Amino acid sequence: MTPPRERGRRGSTAPRLALPRRGSVRRAQMITTYGVGSLIAVDNESFIVSGIDEAHRSWSVDEAPIIHEHRLARVLEVSHFRLPPASDDTSKDGVRVRRFPLWHSCPQCRSLQHIRAFNPPPGRNVCTKCEDEPLVPSRFVVACEDGHLDDFPYWKWLHRGNREEGAAGHCGGRMSLRFSGRSASLRSIVVSCTCGVPEVSMEGAFRRSALGELKVRCEGRRPWLDGDPVRSCSQSPRTLQRGSSAVWQPVLRSALSIPPWSDGLADRLARHWGNLRGYSSRTEIEIYLKGAFPGGDPVPVEAVMDLLAAERSEDPTPESSPSDGHHALRRQEYAQLSSGNAERAKGREEQFVCEPPVSDMSVLSRFGVERTMLVKRLREVRALKAFTRIADPEASPSGHEADLSLVPTDWLPAMEVHGEGVFVRLDERRLDDWAALDAVAVRVERMRVNHDRLLRERATDTDQAPDSPATPRMVLLHTLAHALVNEWSLEAGYPAGALRERLYADDSMAGILIYTATSDSAGSLGGVVAQGEPTRLAEALWSALQRATWCSADPLCIETRAAGTGGTNLAACHSCAMLPETSCEHNNILLDRALLIGTPDDRRVGFFAPLLD
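Residues numbered from 1 in each chain as written. Predicted model: local features only at pLDDT ≥ 70, side-chain atom pairs only at ≥ 80, totals over all residues. Heavy atoms only, no water.

Participant: When you look at the pairing of strand E20 (residues 411-426) in this model, what are you seeing that I'm missing?
Facilitator: On a regular strand, one side chain projects to one face of the sheet and the next to the other, so that they alternate. With 15 of its 16 residues buried, E20 lies for the most part within the structure. Here strand E19 (residues 369-388) pairs with E20 via twelve bridges, running antiparallel. Residue pairing in the sheet places Leu-378 in a bridge with Gly-419 of E20. Note: E20 against strand E22 (residues 509-516), five bridges, orientation antiparallel. Across the sheet, residue Arg-425 finds its bridge partner in E22, namely Gly-511. (Buried < 20%, exposed > 50% of the residue type's maximum accessible area, 1.4 Å probe, protein only. Helix = DSSP H or I, 4+ residues; strand = E, 2+ residues; numbered from the N terminus. Pairing = 2+ DSSP bridges.)

Below, the structure written as structure tokens:
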């Protein structure tokens, strides 16, 4: 990561300066943890990752490889994705960052002011009056639910009784920041000024109405986009700690590469796809391909026509919403996982290989497993669509998503995961019979009501809050996936954090995919696929269910009426059902192991309880 290059005056040709690197992060973290608009602490300094548009040149595009995933790109309305640029001895810039927050304090002289007032040497963050004492970036920032970010208004916070002069920006004094040492609370952080106003502590700064009472309004600052503000913002700013997770929350979208897009042909055609979409006859397509690919490896006309037909069948209708597109991605994956895709003997390399096991699957029938598939090769693309501040990405409409650039771009940052997995599909008829039980409906309804309430509390507009996805089928499949991940982390030699779930749960789907979630070759060693063989899978299911019958927190865990965030879990805790955050699609909520094995009072609640009796 490097700060932006110095610019000359408008119209000048100032030379580019070679700037030192400020730190490094893994490629995957540039999508999930330290993406555009996020704050990164490097040693005793703090930076914000710049936008991706051409004006800010946050990413060295020449060093950011292009990746394609046609289905996901269509839903997100871009043409392609780019990996974060890798850093090595020959790389130029990597990812650009900007210093933020700009208000700093000196621990020696206790001065609190904008970094420019300290007059540090270029590229350094020190107090020149205190013999190059390292400065401390402000612990506090302000943000609003539309994604804007700004420095904490220390002057207005201290001079709260003198707002007229505060608006002008001068009182004639110098502010300082000190720690009283009486406690670790905000009361011990004291701000004062030589102008003589009474000193104040930071106590109360995190109240929702604290800044509004001082008539501090959001100025629409976007420091990741050169600080370019929007014209107006009606949201009320709130104080946050610089390292809080609420300062930056990614909006991620993902898709598996499945046929007919998974054999590499679509990548070769990417530059020509816009032209090919305009043709409908075989003759026109054949003529175009001969001109676009003269000599060399010819492109099969039939394969191109199959791709065009597949895309046109997936065209959204005028009534479609963005969420419909993402649901369609899952349904297409579910159909392909159920039907399978054999590896090609010759020709293009296939990125999706899914085959049924060779041994008899009847051993799984008693578990209600209708089908299991060995996904010997898969590729998943995870794209950073946008990000939010304060607002929960799952509970808020897209209007609160902050953009990654000033102007629309035809690409988004993304990472790709190559690995393997096992797909398990349950018998839908047995699921429906079990879900019709009143006791099951009552337990799931309790979770659904609590989750709906949590989504409304987190949403800025309760009328636009999404509905909870909790249904008996979804909660059962989710909990079963967690039980299998915990079991396979012991049997397959992977840590639980290296495995990931992908749920297919609605009225027309009843499956789970458990796969390796690593972005290197360690994700395809064969350890997970081996667990999908019917005999091994039956043993793993039996062991996982036996393990689920007891938790070290029982009887409190199994008898609880509300657990987890906002009461969105029932019989599930860190001792039995929860996974690392990287492994779960739903942040460890909507879990209930009682739906697997029943409760002491009612065994019928458990889908697999008849096996254990």
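Here the narrative resumes.
Participant: Is there a simple way to explain the nonpolar core in this structure?
Facilitator: Side chains that are nonpolar tend, in soluble globular proteins, to be buried together. Leu-476, Ile-512 and Leu-513 are the most contacted members of the largest nonpolar core, which has 67 residues in total. What Leu-513 contacts, discounting residues up to four positions off in sequence, is Leu-256, Leu-337, Val-375, Leu-378, Gly-421, Val-422, Phe-423, Arg-500, Glu-501, Arg-502 and Tyr-504. Counting 45 residues, the second-largest nonpolar core is a separate cluster that includes Ile-31, Ile-67, Val-95 and Leu-240. (Core = buried A, V, L, I, M, F, W, Y, C linked by side-chain atoms within 4.5 Å. Contact = heavy atoms within 4.5 Å.)

Participant: I tried to follow unusual backbone geometry on my own but got confused; where do I start?
Facilitator: Across residues other than glycine, the phi torsion is negative in most instances, and most of the peptide bonds are trans. Residue Pro-260 is reached from Pro-259 by a cis peptide bond, and omega for that bond is 5°. Here Pro-260 is to be found in the loop between strand E17 (249-256) and helix H7 (265-268). Cis geometry is adopted by the peptide bond preceding Pro-555, which originates at Asp-554 and carries an omega value of 5°. Within the secondary structure layout, Pro-555 lies in the loop between helix H15 (534-548) and helix H16 (556-559). In the Ramachandran plot, Leu-590 falls in the positive-phi region, its phi being about 60° despite a non-glycine side chain.

Participant: Help me out: how do you make sense of the sheet that holds strand E6 (residues 103-105) in this one?
Facilitator: Sheet strands pair via backbone hydrogen bonds, and the direction of the pair is either parallel or antiparallel. In spatial order, the strands read E7-E6-E10; together these three strands make up an open sheet with antiparallel pairing. Each edge of the sheet is formed by a strand with only one pairing partner; in this case those strands are strand E7 (112-114) and strand E10 (136-137). Looking at chain direction, E6 and E10 are connected through two bridges and run antiparallel. When the bridges of E10 are listed, Ser-105 appears paired with Val-136.

Participant: So what exactly am I meant to see when it comes to the sheet that holds strand E16 (residues 238-241) here?
Facilitator: In spatial order, the strands read E12-E11-E16; together these three strands make up an open sheet with antiparallel pairing. Each of the sheet's edge strands pairs with one partner strand only, and the pair in question is strand E12 (149-151) and E16. Ignoring strand direction, the axes of neighbouring strands in this sheet form an average angle of 40°. (Axes fitted to C-alpha atoms, helices over the stretch in contact; angles between N-to-C directions.)

Participant: What should I look at first to understand the pattern of salt bridges in this one?
Facilitator: Opposite charge on two side chains allows them to pair when their charged atoms are near. Overall, the coordinates contain 32 salt bridges when judged by the stated rule. Taking the shortest distance from any N to any O, the salt bridge between Arg-71 and Glu-333 comes out at 3.8 Å. With Arg-71 in helix H2 (residues 70-76) and Glu-333 in helix H11 (residues 322-339), this pair connects stretches of sequence that are 262 residues apart. Pair check on accessibility: Arg-71 and Glu-333 agree, each one buried. Put simply, Arg-458 and Asp-392 hold a salt bridge, and the shortest N to O gap is 2.8 Å. Residue Arg-458 is located in helix H13 (residues 438-458), and its partner Asp-392 is located in the loop between E19 and E20; the two are separated by 66 residues in the primary sequence. (Salt bridge = Lys/Arg side-chain N within 4 Å of Asp/Glu carboxyl O.)

Participant: Help me out: how do you make sense of helix H10 (residues 301-313) in this one?
Facilitator: Residue pairs three or four apart in sequence face the same way in an α-helix, which turns once every 3.6 residues. In this model, H10 (13 residues) spans 18 Å end to end at C-alpha, consistent with the 18 Å of a helix rising 1.5 Å per residue. Burial in H10 covers these residues: Val-301, Ala-303, Val-304, Leu-307, Leu-308, Ala-310 and Glu-311. (Expected span 1.5 Å × (residues − 1).)

Participant: How do you make sense of the packing of helix H9 (residues 282-292) against H10 when you look at a structure like this?
Facilitator: How two helices sit against one another is set out by the angle between their axes and by the gap between those axes. For the pair H9 and H10, the least separation of the axes is 10 Å and the interaxial angle reads 115°. By crossing handedness, the relation of H9 to H10 is classed as right-handed. Residues Arg-282, Ile-285, Glu-286 and Leu-289 of H9 form the contact with H10, whose own contacting residues are Val-301, Glu-302, Val-304, Met-305 and Leu-308. For the contact of H9 with H10, the per-class residue count stands at six nonpolar, no polar and three charged. (Left-handed = near helix turned anticlockwise from the far one by under 90°. Nonpolar A, V, L, I, M, F, W, Y, C, P; charged D, E, K, R; others polar.)

Participant: I'm lost on the packing of aromatic side chains in this one. Help?
Facilitator: What characterises a pair of aromatic rings is the spacing of the ring centres plus the angle enclosed by the ring planes. Under the criterion given, the structure shown has 14 aromatic pairs. Ring geometry for Phe-607 and Phe-608: centres 4.9 Å apart, planes at 85°, overall edge-to-face. Across from the ring centre of Trp-157, 4.2 Å away, lies the NZ or CZ of Arg-160, which sits over that ring. (Phe/Tyr/Trp six-rings, centres within 6.5 Å; stacked < 30°, edge-to-face > 60°. Lys NZ or Arg CZ within 6 Å of the ring centre and 35° of its normal.)

Participant: I would appreciate a short explanation of the side chain of Gln-531 in the present structure.
Facilitator: Its location among the elements puts Gln-531 in the loop between E22 and H15. For Gln-531, the contacting residues outside a window of four places in its chain are Trp-488, Glu-491, Ala-492, Arg-536 and Leu-537.

That is the geometry; function is a separate question.
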